[in-house]
Amino acid sequence: MPDRPYILLSCGMSIDGYLGSATPRRLELSNNADFDRVDAVRASCDAILVGAATVRTDNPRLLVRSQSRREERTARGLPPSPIKVTVTDRVELDPRADFFTTGENEKLVYCARPRVPDARSRLGTVATVVDGGRRVEMRTLSEDLGARGVQRLMVEGGGKVHTQFLTDNLADELQLVVAPFFVGDSRATRFVSDGRFPWNPGRRATLAGVRQIGDVVLLRYALSPRFQTG
Ligand SMILES: NC(=O)c1ccc[n+]([C@@H]2O[C@H](COP(=O)([O-])OP(=O)(O)OC[C@H]3O[C@@H](n4cnc5c(N)ncnc54)[C@H](OP(=O)(O)O)[C@@H]3O)[C@@H](O)[C@H]2O)c1
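Residues numbered from 1 in each chain as written. Predicted model: local features only at pLDDT ≥ 70, side-chain atom pairs only at ≥ 80, totals over all residues. Heavy atoms only, no water.

Chemist: So what's going on with the overall build of the protein chain? Residues and values would help.
Modeler: Along the protein chain, the regular secondary structure elements total seven helices and nine strands. Its C-alpha radius of gyration of 17 Å places the protein chain within 12% of the 17 Å reference for a compact globule of 230 residues. Each principal axis of the C-alpha atoms in the protein chain carries an extent, and together these give about 45 × 40 × 40 Å. Burial status across the protein chain gives 50% buried among its 230 residues. As displayed, the protein chain offers around 11,800 Å² of accessible surface, 49% of which is attributable to carbon and sulfur atoms. Charge-centre separation for the protein chain: the mean point of 34 positive side chains lies 2 Å from the mean point of 28 negative side chains. (Helix = DSSP H or I, 4+ residues; strand = E, 2+ residues; numbered from the N terminus. Rg over C-alpha atoms; globule rule 2.2 N^0.38 Å. Buried < 20%, exposed > 50% of the residue type's maximum accessible area, 1.4 Å probe, protein only. Areas by Shrake-Rupley, 256 points an atom, 1.4 Å probe, with all protein chains shown as cover. Lys, Arg positive; Asp, Glu negative; His and termini not counted. Charge placed at Lys NZ, Arg CZ, Asp CG, Glu CD.)

As C-alpha cells, this is what we get:
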C-alpha cells in the first residue's frame, strides 16, 4: 500500500462546536496571534486541503502569509506556499475563486471519475483535475498525494472533510481551537457530523497539549502512533 502523508487536521470552532455561522459568509473564530500560528503550520506542510463548500463560502487563498516563512521555504527548495487541494462532487467551483487565482503553487481538484470531464472543462486551465475513482475516498486521495511527494498534509476543513478523515482513521493529529463565543444556530456547520469515530468513551484520544493564545485555546490531540510532538 502506498504511503500516506502525515495528516494534521486544523480547525477553529465556537464553544458550542460550530465552524461558522448559518449565513454563507466566513465567520472569524480566531485572533491575530492564532492566525499567525496557523500560518506557521501551513508553512510546515506540503499541501493544504479544504472541501469545496469551504472554497465557495470562505473564498480562502490558502497561502503562507509571512514573507520570512515564504523565503525560508524557498531557501529549502520548496514553493513559497504548499500545494492547494480540494475535493468536489458537484464541481460547482468558480475558476475565479481565490483558491485558483492566487499563488504560483499547484492546485489539485479531486472528483469522482464520472465528473472528471466536466471538472476539466470548467477548471482545467486553473487546476489539475485528478480522477478520484468511482467515489473519492480520503484514504485513496491521501495516498495519491503521498505519491505526488506530499509528506505532510494540513486539512483545514470544513466539517464534511474533517468527518471523513476522522471516521476513516486517517488523522495523525488534531489542532482544535476553541473561540470564546457561541453560535447557537443548528443550521450552521458543526466541526463534525454524525459518524463512527475511532475515539469514543471506551477509547479516549490522547490530549498532547493545551495552550492559551489570547482569548482562544488550542487543544492538540495525538490521534495515531505517528504523532509528531514538534
Ligand atoms: N472554523 C474553521 O476552521 C473552518 C475551516 C474551514 C471551513 N469552515 C466553515 O465550514 C463550512 C463548510 O463546511 P462543510 O462541512 O459544509 O463543507 P466542506 O467540508 O468544506 O466541503 C464539503 C464539500 O466538499 C466536497 N466533498 C467532500 N467530501 C467529498 C468526497 N468524498 N467526494 C466528493 N466531494 C466531496 C463536496 O463538494 P460539492 O458540494 O462541490 O460536491 C461537499 O459538499 C463553512 O461554513 C466554512 O466557513 C470553518
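Chemist: Report on the site of the ligand, specifying residues and quantitative values.
Modeler: In the vicinity of the ligand, 25 residues are found, and the nearest of them are G12, T54, D58, T88 and R90. Here D58 contributes a side-chain N or O atom positioned 2.6 Å from an oxygen atom of the ligand. V136 places a polar main-chain atom, nitrogen or oxygen, 2.9 Å from a nitrogen atom of the ligand. Protein chains bury 87% of the 930 Å² of accessible surface belonging to the ligand in isolation. Looking at the shell around the ligand, the elements that each hand over two or more residues are β1 (6-13), α2 (52-58) and α7 (159-167). The biggest single contributor to the shell around the ligand is α2, with six residues. (Near = heavy atom within 4 Å. Polar contact = N/O pair within 3.5 Å; in protein donor to acceptor, adjacent residues only side chain to side chain.)

Chemist: Could you give me a rundown of the pattern of salt bridges, with the residues and numbers involved?
Modeler: Throughout the structure, instances matching the rule amount to 16 salt bridges. D36 is the partner of R69 in a salt bridge, and the nearest nitrogen-oxygen pair spans 3.0 Å. Of the two residues, R69 is situated in helix α3 (residues 67-75) and D36 in helix α1 (residues 32-43); the sequence distance between them amounts to 33 residues. You can call D36 partly exposed: its relative accessible area is 40%. (Salt bridge = Lys/Arg side-chain N within 4 Å of Asp/Glu carboxyl O.)

Chemist: With reference to specific residues and values, describe the environment of R37.
Modeler: Looking at the element boundaries, R37 is found in helix α1. Along the primary structure R37 and P79 are separated by 42 residues, whereas in three dimensions their C-alpha atoms are 20 Å apart. Ignoring anything within four residues of it in the chain, the contact list for R37 reads Q175, V177, R211, I213 and L218. Within polar-contact distance, the side chain of R37 engages the side chain of Q175 at 2.8 Å. (Contact = heavy atoms within 4.5 Å.)

Chemist: Tell me about α7, and name the residues and values.
Modeler: What α7 keeps buried is the set G159, V161, H162, T163, F165 and L166. On its buried face, α7 is in contact with β1, β2 (47-51), β3 (83-87), α6 (138-147) and β6 (152-155). N169 occupies a position one or two residues after α7 and carries a positive phi of about 55°.

Chemist: Explain the packing of aromatic side chains to me, and be specific about the residues and the numbers.
Modeler: Applying the stated criterion across every chain, the model contains one aromatic pair. A ring pair is formed by F99 and F100, whose centres lie 4.9 Å apart and whose planes are at 75°; its orientation type is edge-to-face. The exposure class of F99 is buried, given its relative accessible area of 0%. We note K84 situated over the ring of F99; from NZ or CZ to the ring centre the distance is 5.7 Å. Looking at R190, its charged tip hangs above the ring of Y18, at a distance of 4.4 Å from the centre. (Phe/Tyr/Trp six-rings, centres within 6.5 Å; stacked < 30°, edge-to-face > 60°. Lys NZ or Arg CZ within 6 Å of the ring centre and 35° of its normal.)

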